[in-house]
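# Tertiary structure, described
One letter stands for each residue in the lines below.
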Amino acid sequence: MLKNYFKIAIRSLWKHRFYSGLNIIGLAIGLAVSLILFLYVNGEMTFDQYHQQAANIYRIVVNVKYDDVKEDWARVPNNAGPTFKENIKEVVEQVRLLRHNFGRDAFINVDGKKLVEEDLYWVDSTFFNVFDCKLIQGDPATALNGPNKIIISESAAEKIFGRSLALGKRIKIDNQMELEITGVYEDFPSNSTLDCGMMGSFQSIKWASERLTWGNASFETFLLTQADTKIEDLNLAMNAELDKAVKKEEQWYSFWAQPFLDIHLYSSDLATGGYSVRAGDISQVRIMSLLALAVLLLACFNYINMATARSQQRFREVGINKTLGASNGQMVRRFLTETGILAAVSLAMSILLVQICLPYAESLMGLSLNTFDPLQAKSLLTLGGLWFLITVLAGFYPALFLSNFSPKKLLSPLRKPYSGNRFFRQTLVVGQFVICTALIIGIFVFQNQLNFINNKKLGFKAEQVLSINTSAATELSQIEGLKNAYRNLPEVSALSRMQGYPGLSVSGYTITKPGQEHIVRGIQSNRASADFEKVLSLKILAGKSLPEKKLETDTTIQVVMNETAVKFFGWTPEEAIGKTPPGLYHYSATEIVGVVEDFHFESFHNPIGAYVFNNGASIGRRPYLLVKLNTRELKTTIQKLEAEFNKYFPASAFEFDFLSDQTRKMYASEERMAQVISLFTFLTIFISCLGLFGLTAFTTERRTKEIGIRKVLGASVIGIMGLLSKDFLKLVLIAILIATPLAYYLLDSWLNNFAYRISIDWWVFVVAGAIALVLAFLTVSYQSMKAAMANPSNSLNND
Amino acid sequence: MIKTENLTKVYQTDEVETTALNEVNIEIKEGEFVSVMGPSGCGKSTLLNVLGMIDNPTSGNYYFNGEEIGHLPERKRSNIRKHNLGFVFQSFNLIDELTVYENVELPMLYTKVPSADRKKRVEELLEGMNIMHRAKHFPQQLSGGQQQRVAVARAIVNKPKLILADEPTGNLDSANGDEVMKVLSELNATGTTILMVTHSQYCAEFGNRIIRMLDGKVVTENVVRQYL
């Protein structure tokens, strides 16, 4: 019997190859998209699971409170880890991670080669006790157990040394430290939050390893706990330790533990995250899963629509089979077989599509997806599941519907053409276009918000500003020489040394309200030299910039604060000049010399906070030389800058960034999202139009005779086209009406993620609706025009 | 074999109530060849549907082999149908996706006849109908007469006790029509009961009794010839 089902199904699919083709293309695209998204979602959901002790690892987070602001930071003071290990019985091990210069590139000299390492970390020697990290060369017990030791990843070793042994070689970092390579470890897999390219021993950084405090929250710290540890107990125990160490009234934070496996997807709410750049976002995973499901459903809707629309032809078959003795169940199985075959062909095609499209999908989404091997047991299981899902989702309703046909209609002289469940089909078309229209609206809103971000006055100008990394300087004279050389270039209009710039994190400090020392708020502190306001095009509201020269005897730190900071103090910009900002730099001698207008040093997700430029020698390093250019001849200018750089830094590579690239990075995920949504919209529209195309083809086929008669009676081509298109366009109109409030609600809540956002304009809905209508009309009109233009004698003789 | 008592079928559409069968009382004995005649809309096809167990009567009784089956659920009717009845339609109603061979074989799949027996039976019938050479062809590739012979072969493949034929020659020219009627007569001669609806007096006379219907009622019954 099954053989028979197969035979009929295959022949029937072949006989109606036009409709089968439409269905297969739609399903294959839908499946390919869902497969790719499944790879993404699966990768995100299994992140970090490869660590054997993953379930017992926690990251310490501090909840910082000041003013009415509460923030979570994933970096904590260096005292926390060791103290907790010492005093909390559930804590088996601790490991602290410090990213080199808080995320700055490291300049490496090794084996006569100069290179830049972006992912250098300083880690405790206990790293191996907590995480799964396999040393290919070296001994985990001794690799990091003292100062000036470093282990490097396998790929770094290959890059630097090729086939020769890395162990025992000496490596120079930023021309300042010299370390010995004591190990080579297997690269971390792409689904690992840990992204260290090199790991130096924690003890190599004296200020971090020797001066233990409860103040400087800069260390990402992980605890390995006993298997049965309750997170609430751990939180209580950690805060009890804090109470022992820091007086209650001096505490400005409390501790909590974040499960290691939550880090990847549930850290986007942290104001300061961990050091890894491999951060995911659960909301993105959810959106992607929803989109995948939507596309899959759309493709299934197409199938259901066309299968039930063609029921007229199918009923005859059902009728015959039933008079010959077939039962309902047998008919259901027969139609499900057909769907199953179609789904299998679509699935095979989608696998091919995935193989072709995966690299593009990766670059579009900005992720590295796991390679897809359809022959792997797990993939086979997934594919089998997907096949089953599609077969049931798309096939079940039509199978039930068709097999329910009573054979008596086959013999009835009054047999009326029965078009199946029209209302149901119309509902599905409306559903498809609701999704399409909502997505089109979504594209517009995404794009508008991105344009708003790009065009909104950032408060500073990032264009034509270059940041050059000078961390490799060993002598001040190198930097001074370079500065002077650059000043003499006509293409350079201003320059300034800085600790960081908008888009990069700088140092976090606190300030207090004058006279109310318990009211505290955070402030971002950026050590800079004179002319920083010229380089960044900041507007000085009162006072002046930082002084060009500072006497060595002058121990006062001069600062230029932003408006938000002085407002917190309750001063006008003018009033602030000459005053000492309360609480800043732990009450060091500080003088406000200027106030600048607020600017967006973080993304528009966050409201502008307090910010201060300072010239305190002990407040932070200034690895960047920012250069403002006044020319559009970028290529030759950069060559000149590099030539000068090489004169003063013969041992280092010339590393630079455009500030505008950096600011764009702040919105990279939104831009990516907009691209992904655009692609999805295109695909959903394509699939929906495919369905509509098939449905119109069917309707015109069914109404051929009517069209012929109407034409004989004098109907015009336009009239007939209108007649055939009207029904479908009505459905699209209904879809637009449903999509509008739905999209408004969803997008409005998305926009609420931004501290600075657009309001959604009414025209967006009108334009999106018009696009959906026009697309639907174009799809329908091809078929209806063909039918309307046909010679009526053809259609009338058809019967 | 068949007996109806006040068999009535009423169709209810939105506002119109149509009485297709109005208290029909007929009896058909095993081995008879009965033709049903009457103008369009007189209820012939409805009668065939009800007697063919693909429709339920609104009221009245239908005895098949002594058992009242007019009000059985579809599942039970289907079971009786596939073992006892064969259908021949005016428009042949062959399945386009199946070959001649497969079309004839199909009813035996539903009655779970073993594969070897199926093959033997199909070949025997196709030989008998003189269309064995067309076994691998699809219905669209055959002439009308050939298609109807395939349909007849399919109708009798399970050796039904009763064949219901709905205008079997309606779509055929006279030569092909004659051929089909010859086949039906031969079947009847071997003991198969036949109930045939037709417009053609010529065809009706192949039967041994003619029932005439008008407005859902049986108006006359003529005996054409008596069996010896």
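Bear in mind the structure is a predicted one, so any value in this text is a computation, not a measurement.

### Section: the overall build of chain B
- Within chain B, the regular secondary structure consists of seven helices and 11 strands.
- Against the compact-globule benchmark of 17 Å for 228 residues, chain B has a radius of gyration of 17 Å, which places it among compact chains.
- Here the C-alpha coordinates of chain B stretch approximately 50 × 40 × 40 Å along the principal axes.
- Among the 228 residues that make up chain B, the fraction classed as buried is 56%.

### A closer look at the overall build of chain A
- Helix and strand counts for chain A stand at 24 helices and 23 strands.
- Taken along the three principal axes of its C-alpha coordinates, chain A extends 110 × 55 × 55 Å.
- For chain A, the residues scored as buried account for 55% of the 799 residues in total.
- For chain A, the proportion of contacts with a sequence separation of at least 24, taken over those separated by at least 6, is 80%.
- Only carbon and sulfur atoms are counted for the fraction: they give 57% of the accessible area of chain A, which is about 34,800 Å².
- A gap of 13 Å separates the mean positions of the 79 positive and 72 negative side-chain charges of chain A.

### What to know about the state of the cysteines
All names here are of chain A.
- In the structure shown here, the tally under the stated rule is zero disulfides over all chains.
- Here Cys689 is not cross-linked by a disulfide; its sulfur's nearest cysteine counterpart is in Cys436, at 6.7 Å.
- The class for Cys689 is buried, based on a relative accessible area of 13%.

### Focus: the nonpolar core
Residue and element names in this part refer to chain A.
- The biggest cluster of nonpolar side chains holds 123 residues, and the ones touching the most others in it are Phe613 and Leu626.
- The leading source of residues in this core is helix H8 (residues 282-309), at 16 residues.
- Judged by nonpolar contacts, the second largest core, of 50 residues, contains Ile57, Ile108, Val110 and Phe131.

### Quick look at empty space enclosed by the protein
All names here are of chain A.
- Counted under the stated rule, the structure contains seven cavities of 30 Å³ or more.
- Counted as a void, the largest cavity has a volume near 130 Å³.
- Tyr303, Ala307, Arg310, Arg314 and Glu338 are, among the 17 residues lining the largest cavity, the residues nearest its centre.
- Looking at the lining of the largest cavity, the elements with two or more residues in it are helix H1 (2-15), helix H2 (17-45), H8, helix H10 (328-365) and helix H11 (377-403).
- Across the lining of the largest cavity, the residue classes tally to nine nonpolar, five polar and three charged.

### Quick look at the domain arrangement of chain A
All names here are of chain A.
- Each assigned domain of chain A is listed here: domain 1 (1-47 + 289-420), domain 2 (54-138 + 182-262), domain 3 (426-458 + 668-799) and domain 4 (465-665).
- A separation of 28 Å is found between the C-alpha centroids of domain 2 and domain 4.
- Summing the contributions of domain 2 and of domain 4, the shared interface buries around 1,300 Å²; its carbon and sulfur component is 50%.
- The interface formed by domain 2 and domain 4 includes zero salt bridges.

### Considering the interface of chain A and chain B
- Of the residues lining the interface, 26 residues belong to chain A; the matching set on chain B comes to 24 residues.
- Approximately 2,600 Å² of surface area, both sides summed, lies buried where chain A meets chain B, with 56% of it carried by carbon and sulfur atoms.
- Across the contact surface, chain A and chain B share five salt bridges.
- The partner of Lys15 of chain A in a salt bridge is Asp96 of chain B, and the shortest N-O contact between them spans 3.2 Å.
- The interface formed by chain A and chain B contains eight residue pairs in polar contact (both at pLDDT 80 or more).
- Those elements that place two or more of their residues in the side of chain A that touches chain B are H1, helix H9 (311-323), H10 and helix H12 (408-411) of chain A.
- The residue inventory of the side of chain A that touches chain B, partitioned by class, reads 10 nonpolar, nine polar and seven charged.

### A few points about the pairing of strand E19 (residues 557-562) of chain A
Residues and elements named next belong to chain A.
- The buried count for E19 comes to six of six residues, which makes it a mostly enclosed element.
- Of the two faces of E19, both are covered, the one formed by Ile557, Val559 and Met561 as well as the one formed by Gln558, Val560 and Asn562.
- In this structure, E19 lies alongside strand E20 (residues 590-596), joined through six bridges in parallel fashion. Considered in E20, the bridge of Ile557 is made with Thr590.
- Strand direction decides the pairing type here: E19 and strand E21 (residues 610-614), joined by three bridges, are antiparallel. Bridge assignment links Val560 to a residue of E21, and that residue is Phe613.

### Re the pattern of salt bridges
Residue and element names in this part refer to chain B.
- A full pass over the atoms with the stated rule returns 29 salt bridges over all chains.
- Of the charged contacts, one joins Lys9 and Asp55 as a salt bridge, the two residues approaching to 3.2 Å between their closest N and O atoms. With Lys9 in strand E1 (residues 2-12) and Asp55 in the loop between helix H1 (44-51) and strand E5 (59-64), this residue pair connects regions lying 46 residues apart in the sequence. Just as Lys9 is buried, Asp55 falls in that class too.

### So, helix H4 (residues 115-128) of chain B
Residues and elements named next belong to chain B.
- In a regular helix each residue adds 1.5 Å, so 14 residues correspond to 20 Å; H4 covers 20 Å between its end C-alpha atoms and thus fits that length.
- Within H4, burial applies to Arg118, Arg121, Val122, Leu125 and Leu126. Burial along H4 is one-sided: seen end-on, the buried residues are contained in an arc of 125°. Residues of H4 that are exposed and point over 90 degrees away from its buried face: Ala116, Lys120, Glu127 and Gly128.
- Contacts from the buried residues of H4 go to helix H3 (100-110) and helix H5 (144-156).
- A positive backbone phi angle near 65° is found at Asn130, which sits one or two residues after H4.

### A look at the sheet that holds strand E22 (residues 624-629) of chain A
Residues and elements named next belong to chain A.
- Spatially, E15-E22-E14-E23 is the arrangement adopted by the four strands of the open sheet, whose pairing is antiparallel. Strand pairing shows two members of the sheet lacking a second neighbour, strand E15 (492-498) and strand E23 (656-658), which therefore form its edges. Ignoring which end each strand starts from, the neighbouring axes of this sheet average 20° apart.
- Two elements, strand E14 (residues 465-469) and E23, share three bridges in a ladder whose sense is antiparallel. Its bridge partner lying in E23, Ile468 is registered against Phe656.
- Docked against the sheet, helix H14 (residues 476-487) engages E14, E15 and E22, running at close to 160° with respect to E15.
- Along the sheet face, helix H18 (residues 634-648) touches E14, E15, E22 and E23 and points at about 25° away from the line of E14.

### Observations regarding the confidence of the model for chain B
- Confidence in the prediction of chain B, expressed as mean pLDDT, is 88, and 98% of residues score 70 or more.
- Interface confidence for the predicted complex, given as ipTM, is 0.75, next to a pTM of 0.72.

### Observations concerning the packing of H5 of chain B against helix H6 (residues 174-189) of chain B
Residues and elements named next belong to chain B.
- Two elements in contact, H5 and H6, have axes separated by 9 Å at closest approach and are oriented at 15°. By the angle between their axes, H5 is roughly parallel relative to H6. For the element pair H5 and H6, the recorded crossing hand is right-handed. For the pair H5 and H6, the contacting residues are Gly145, Gln148, Arg149, Val152 and Ile156 in the first and Asn176, Glu179, Val180, Val183 and Leu187 in the second.
- For the contact of H5 with H6, a count of residues per class yields five nonpolar, three polar and two charged.

### Comments concerning the sheet that holds strand E11 (residues 217-223) of chain B
Residues and elements named next belong to chain B.
- Ordered in space as E7-E8-E9-E4-E10-E11, the six strands form an open sheet in which the pairing is mixed. The sheet terminates laterally at strand E7 (85-88) and E11, the two strands that pair on one side only. Here the strands of the sheet are splayed against their neighbours by 20° on average, with no regard to which way each runs.
- Taken together, the four bridges between strand E4 (residues 33-37) and strand E9 (residues 193-197) define a ladder with parallel strand orientation. Across the sheet, Phe33 pairs through a bridge with Ile194, a residue of E9.
- Docked against the sheet, H1 engages E4, E7, strand E8 (162-166), E9 and strand E10 (209-214), running at close to 155° with respect to E8.
- Across the sheet, H5 lies against E7 and E8, angled at about 170° from E7, the strand it touches most.

Definitions and limits used
Residues take numbers from 1 onward in each chain, read along the sequence in its written order. Here chains are named by letter from A upward and ligands by number from 1 upward, in the order in which they appear as written. Side-chain atom pairs in this predicted model are given and counted only at pLDDT of 80 or more, local residue features only at pLDDT of at least 70, and totals for whole chains, interfaces and linings cover all residues. Only hydrogens and water are removed before side-chain values are computed, so all heavy atoms of the structure are retained for them. Helix numbers and strand numbers start at the N terminus; a helix is a DSSP run of H or I with at least 4 residues, a strand a run of E with at least 2. For a compact globule the rule gives 2.2 Å times the number of residues to the power 0.38, and the radius of gyration it is set against comes from C-alpha atoms. With a 1.4 Å probe rolled over the protein chains alone, any residue whose accessible area is under 20% of its type maximum counts as buried; one over 50% counts as exposed, and the rest are partly exposed. Only heavy atoms matter for contacts: two residues are in contact if any of them lie within 4.5 Å across the pair. Where accessible areas are quoted, they stem from the Shrake-Rupley method and a 1.4 Å probe; at the residue level, only the protein chains shown are allowed to cover. Here the positive residues are Lys and Arg and the negative ones are Asp and Glu; neither His nor the chain ends is included. For charged residues, the charge sits on one atom: NZ in Lys, CZ in Arg, CG in Asp, CD in Glu. Here, the term disulfide refers to a pair of cysteine sulfur atoms separated by no more than 2.5 Å. Nonpolar cores were defined as sets of buried Ala, Val, Leu, Ile, Met, Phe, Trp, Tyr and Cys residues, with membership established by side-chain atoms within 4.5 Å. Definitions used for this entry: grid spacing 1 Å over protein atoms alone; cavity, a set of points where a 1.4 Å probe fits but cannot get out; pocket, an open set with protein on both sides within 12 Å along at least 5 of 7 lines; lining residue, one with an atom within 4 Å of a point. Grid points are joined across faces, edges and corners, and a volume is the space filled by probe spheres set on the points. In this classification, Asp, Glu, Lys and Arg are treated as charged, Ala, Val, Leu, Ile, Met, Phe, Trp, Tyr, Cys and Pro as nonpolar, and every other residue, Gly included, as polar. In this document the domain limits rely on a domain assignment from an automatic tool or a database. Defined in terms of a 1.4 Å probe, buried area is the accessible area two parts forfeit on being brought together, summed over both. When a carboxyl oxygen of Asp or Glu lies within 4 Å of a side-chain nitrogen of Lys or Arg, that pair is called a salt bridge. Throughout this description, a polar contact denotes any pair of N or O atoms lying within 3.5 Å of each other; where both atoms belong to protein, one of them has to be capable of donating a hydrogen while the other can accept it, and for residues adjacent in sequence the pair is counted only when both atoms sit in side chains. By definition, two strands form a pair when at least two bridges between them are found by DSSP. The length a helix should cover is 1.5 Å for every residue beyond the first. The directions from the helix axis to the C-beta atoms are what the arc is built from. Note on geometry: axes are lines fitted to C-alpha atoms, helical ones only across the stretch in contact, with angles between N-to-C directions running from 0 to 180 degrees. Confidence of the predictor at the level of single residues is given by pLDDT, which spans 0 to 100. Should an angle fall under 35 degrees it is called roughly parallel, over 145 degrees roughly antiparallel, and 65 to 115 degrees roughly perpendicular, with every other angle called oblique. Handedness of a crossing follows from how the near helix is turned relative to the far one, being left-handed for an anticlockwise turn of less than a right angle and right-handed for a clockwise one.

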